[in-house]
Amino acid sequence: MSIFEYNGSALVAMVGKNCFAIASDRRLGVQLQTIATDFQRISKIHDRLFLGLSGLATDAQTLYQRLVFRHKLYQLREERDMKPETFANLVSAILYEKRFGPYFCQPVIAGLGDENKPFICTMDSIGAKELAKDFVVAGTASESLYGACESMFKDDMEPEELFETVSQALLSSVDRDCLSGWGGHVYVVTPTEVKERILKGRMD
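Residues numbered from 1 in each chain as written. Predicted model: local features only at pLDDT ≥ 70, side-chain atom pairs only at ≥ 80, totals over all residues. Heavy atoms only, no water.

Peer 1: Teacher, can you tell me more about the pairing of strand 11 (residues 184–189) here?
Peer 2: Regular strands have side chains that alternate between both faces of the sheet. Summarising burial for strand 11: six of the six residues are buried, a large majority. Residues Gly-184, Val-186 and Val-188 of strand 11 are buried on one face, and the alternating residues His-185, Tyr-187 and Val-189, pointing to the opposite face, are buried as well. As defined by bridge partners, strand 2 (residues 20–25) adjoins strand 11 across six bridges and the pair is classed as antiparallel. Within strand 11, the residue paired with Ala-23 across the bridge is Val-186. Bridge count between strand 11 and strand 12 (residues 194–199): six bridges; the pairing is antiparallel. Paired with Gly-184 across the bridge in strand 12 is Leu-199. (Buried < 20%, exposed > 50% of the residue type's maximum accessible area, 1.4 Å probe, protein only. Helix = DSSP H or I, 4+ residues; strand = E, 2+ residues; numbered from the N terminus. Pairing = 2+ DSSP bridges.)

Structure follows, in structure tokens:
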């Protein structure tokens, strides 16, 4: 078993019309044993920028603390929030400087940039970015997430339809992966509000 699969995870970010959704499962396991069913994989950096970290849970928490620290320094120095593109470059640089002993994480970054244009990207554990205009996925359920998102995604979805689409994609995908699941956690972010919802899924 790969170290990336040790705790199990499922992450997906999807773009809508001037909005985006980011969703994760809630299981924390040690290989096939479930430890917690309310684990938080998605974190708010600021009101228009969210970060999901799949992979090894301990590394994800360490990396998150470093990123929050760097973002607070940026806010103090620049007196503004970081743009999603800038934040993606920061995450990439922090991962790449540890390339010989990397954080075992695959980040998913989603945010609203200038003129409320949604930005999503993911990267591997040494910071090689993968930008997308529709959706990005990460974690042990990523293969089934690709298939579900590919078949369900439509351009310019409104926030409610986007929530429905990303939720169905997540729930149907984690049912096909035994290392992730136990419900879901979905954020839908528009220029004016952030909606957070908990999904109930199969509890096995």
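Peer 1: Mind showing me how you'd approach the sheet that holds strand 5 (residues 42–46) here?
Peer 2: Whether parallel or antiparallel, the strands of a sheet pair through hydrogen bonds between backbone atoms. Pairing is antiparallel in the open sheet, where five strands are placed in the order 5-6-7-8-9. The outermost strands of the open sheet, each flanked by one partner alone, are strand 5 and strand 9 (129–132). Between one strand and the next, the sheet's axes are offset by a mean angle of 20 degrees, whatever the strand orientation. Here strand 5 pairs with strand 6 (residues 49–55) via four bridges, running antiparallel. Bridge assignment links His-46 to a residue of strand 6, and that residue is Leu-49. (Axes fitted to C-alpha atoms, helices over the stretch in contact; angles between N-to-C directions.)

Peer 1: Looking at this structure, I do not really get the packing of helix 1 (residues 57–78) against helix 2 (residues 84–97). What am I missing?
Peer 2: For any two helices packed against each other, the geometry comes down to the angle between their axes and how far apart the axes lie. Their axes nearest at 11 Å, the elements helix 1 and helix 2 cross at an angle of 130 degrees. Here helix 2 runs oblique to helix 1, going by the angle between their axes. Like other packed secondary-structure pairs, helix 1 and helix 2 cross with a definite hand, here right-handed. Contacts between helix 1 and helix 2 involve Leu-63, Arg-66, Leu-67 and Arg-70 from the first element and Phe-87, Leu-90, Val-91, Ile-94, Leu-95 and Glu-97 from the second. Residue composition of the contact of helix 1 with helix 2, grouped by class: seven nonpolar, no polar and three charged. (Parallel < 35°, antiparallel > 145°, perpendicular 65-115°, else oblique. Left-handed = near helix turned anticlockwise from the far one by under 90°. Contact = heavy atoms within 4.5 Å. Nonpolar A, V, L, I, M, F, W, Y, C, P; charged D, E, K, R; others polar.)

Peer 1: I tried to follow the sheet that holds strand 11 on my own but got confused; where do I start?
Peer 2: Across the sheet, five strands lie side by side as 10-1-2-11-12; this open sheet has antiparallel pairing. For this open sheet the edge positions go to strand 10 (135–139) and strand 12, each flanked by a neighbour on one side alone. The average undirected angle you get between the axes of adjacent strands in this sheet is 10 degrees. Pairing between strand 1 (residues 10–15) and strand 2: five bridges, direction antiparallel. In the strand pairing of strand 2, Leu-11 is matched with Ser-24.

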